[in-house]
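Geometric and topological summary
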Amino acid sequence: MLKDKLKKYQIILASGSPRRQQFLKDLDLDFEIRLKDTEEVYPSHLKAHEITDYLAVLKANAFENEIPENGILITSDTIVWHKNQALGKPKNEQEAIAILQSLSNSSHEVITSVCFKSNEKTTVIHEYSKVTFHNLTEATIRYYVENYKPFDKAGSYGIQEWIGFIGVEKIEGSYNNIMGLPTDKVFDYLNQLP
């Protein structure tokens, strides 16, 4: 359905995330992957989706003048927003444990922004999902960090992994968004292209 509609476009996903790559496959899209290292630094006054919007555009701008004439570049960024603070990817085991201890027995928001960039325009969308964790014991947190090594994940966890099965009390909003891509909004945007 969408694949036929997008035949005239060249879809490029600029993400090394296996989850985002799988989502585009699951949306039945033909796409290629192009990667560039981008230093994910943002102005300190930005809050919540302003951060993910900024970083998604920053990643897209790294491909300036490299997008084919019929190309649509897709970049994305996800953060965990908790107690008015952005939680990105943990640098080490200690940081991962500390982040999960802070998320234990409370709710936080997972925010993902997606940037669609062509030679004509740049469009950014974002989505919020709310996750509530049960009380996580220190033993539970240590087991998860040592066995699943969530160092490539914002907020130090993957909802689709063991900790999501045993630790999540409630989810409000898009589950896929928590995994890194609001697939319904991505589909809607691509589906309305001329």
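Conventions adopted
- Residues numbered from 1 in each chain as written.
- Predicted model: local features only at pLDDT ≥ 70, side-chain atom pairs only at ≥ 80, totals over all residues.
- Heavy atoms only, no water.
- UniProt positions renumbered as here; feature names shortened; annotations may be inferred.
- Helix = DSSP H or I, 4+ residues; strand = E, 2+ residues; numbered from the N terminus.
- Contact = heavy atoms within 4.5 Å.
- Polar contact = N/O pair within 3.5 Å; in protein donor to acceptor, adjacent residues only side chain to side chain.
- Buried < 20%, exposed > 50% of the residue type's maximum accessible area, 1.4 Å probe, protein only.
- Pairing = 2+ DSSP bridges.

**A closer look at the UniProt feature "active site" (unreviewed entry) in the protein chain**
- When the UniProt feature table is mapped onto this chain, "active site" (unreviewed entry) is found at Asp 77.
- Of note, Asp 77 is situated in strand E3 (residues 71-82).
- In this structure Asp 77 touches Arg 20, Glu 40, Thr 52, Leu 55, Ala 56, Lys 59, Ile 111, Thr 112 and Ser 113, once residues within four positions along its chain are discounted.
- For Asp 77, the side chain forms a polar contact with the side chain of Lys 59, separated by 3.0 Å.

**Focus: the pairing of strand E5 (residues 107-117)**
- Extensive coverage of E5 is indicated by the burial of nine of its 11 residues.
- Judged from the nine bridges that link them, E3 and E5 form a sheet pairing that is antiparallel. In the strand pairing of E5, Ile 79 is matched with Ile 111.
- Bridging between E5 and strand E6 (residues 122-133) involves 11 bridges; their strand directions are antiparallel. Paired with Phe 116 across the strands is Thr 123, a residue of E6.
- Connecting the antiparallel pair E5 and E6 is a turn made up of four residues.

**Considerations on the UniProt feature "site: Important for substrate specificity" (unreviewed entry) in the protein chain**
- In this numbering, the UniProt entry assigns the feature "site: Important for substrate specificity" (unreviewed entry) to Arg 19, Thr 78 and Gln 160.
- With respect to the helices and strands, Thr 78 occurs in strand E3.
- With a relative accessible area of 16%, Thr 78 lands in the buried category.
- Not counting chain neighbours up to four residues away, the residues in contact with Thr 78 comprise Arg 20, Thr 52, Val 110, Ile 111, Thr 112, Ala 154 and Gly 180.
- As for its position among the elements, Gln 160 is in the loop between helix H5 (138-148) and helix H6 (162-167).

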